[in-house]
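# Inside the fold
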Amino acid sequence: MTNVVEMKVNLHCDECIRKILKAIKKIEDIETYDVDTQLNKVTVTGNVTEEEVIRVLQKVRKTAVKWDQANQTLFAN
């Protein structure tokens, strides 16, 4: 089953982006991935869950929030 997982992640330097990409590539059954530095958004498509993506990003010491939750927080303020 193909899922699209969108996460808000702080992408403030090239080293962070490199670590995130390396971690994401290790996830099994991914089809595509994208890192949008303008929006601080990571998108992973494939047989993957939000929990898997969060866990992988936590291993590289990055905090990830579901994209829809991040947007709700932004608009609520």
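Anything mentioned here points back to the structure above.
Heads up: these notes are all about the structure in this document. Just so we're clear, the structure is a prediction, and the values are computed from it rather than from any experiment. (Residues numbered from 1 in each chain as written. Predicted model: local features only at pLDDT ≥ 70, side-chain atom pairs only at ≥ 80, totals over all residues. Heavy atoms only, no water.)

### Observations regarding the overall build of the protein chain
Counting its regular elements, the protein chain contains three helices and four strands. In sequence order, the protein chain lays out its α and β elements as β-α-β-β-α-β-α. Looking at the protein chain as a whole, 32% of its 77 residues qualify as buried. The long-range share in the protein chain, meaning contacts at least 24 apart out of those at least 6 apart in sequence, stands at 65%. Entry remark: accessible area of the protein chain is about 5300 Å², with carbon and sulfur atoms responsible for 47%. (Helix = DSSP H or I, 4+ residues; strand = E, 2+ residues; numbered from the N terminus. Buried < 20%, exposed > 50% of the residue type's maximum accessible area, 1.4 Å probe, protein only. Contact = heavy atoms within 4.5 Å. Areas by Shrake-Rupley, 256 points an atom, 1.4 Å probe, with all protein chains shown as cover.)

### A short note on the side chain of threonine 43
Inspection of the secondary structure assignment puts threonine 43 in strand 3 (residues 41-46). Classification of threonine 43 as buried rests on a relative accessible area of 15%. Apart from residues lying up to four places away in sequence, threonine 43 is in contact with Val4, Val5, Glu6, Thr32, Tyr33 and Asp34.

### Notes on the sheet that holds strand 1 (residues 3-9)
Spatially, four strands are ordered 2-3-1-4 in an open sheet, and the strand pairing comes out antiparallel. Of all strands in the sheet, those bounded by a partner on one side alone are strand 2 (30-36) and strand 4 (64-66). Strand-to-strand twist across the sheet, computed as the mean angle between neighbouring axes with direction ignored, equals 25°. With six bridges joining them, strand 1 and strand 3 adopt antiparallel strand pairing. By the bridge assignment for strand 3, asparagine 3 is matched with glycine 46. (Pairing = 2+ DSSP bridges. Axes fitted to C-alpha atoms, helices over the stretch in contact; angles between N-to-C directions.)

### Considerations on a positive patch on the surface
Judged by side-chain charge, Lys22, Lys26, Arg55 and Lys59 come together as a positively charged surface patch. Examined against the element boundaries, arginine 55 turns out to sit in helix 2 (residues 50-59). The exposure class assigned to arginine 55 is partly exposed, which follows from its relative accessible area of 46%. (Patch = residues over 30% accessible without salt bridge, like charges linked within 9 Å, V, L, I, M, F, W, Y side chains within 5 Å. Salt bridge = Lys/Arg side-chain N within 4 Å of Asp/Glu carboxyl O. Lys, Arg positive; Asp, Glu negative; His and termini not counted. Charge placed at Lys NZ, Arg CZ, Asp CG, Glu CD.)

### Looking at the pattern of salt bridges
The tally for this structure, following the rule as stated, stands at three salt bridges. Close ionic contact of arginine 18 with glutamate 15 constitutes a salt bridge, the shortest N to O distance being 2.4 Å. Linking arginine 18 with glutamate 15, this pair stays in helix 1 (residues 14-25), spanning three residues, or about one helical turn. Residue glutamate 15 is classed as partly exposed on the basis of its relative accessible area, which comes to 38%. Glutamate 50 is paired through a salt bridge with lysine 66; the nearest N and O atoms lie 3.2 Å apart. With glutamate 50 in helix 2 and lysine 66 in strand 4, this pair connects stretches of sequence that are 16 residues apart.

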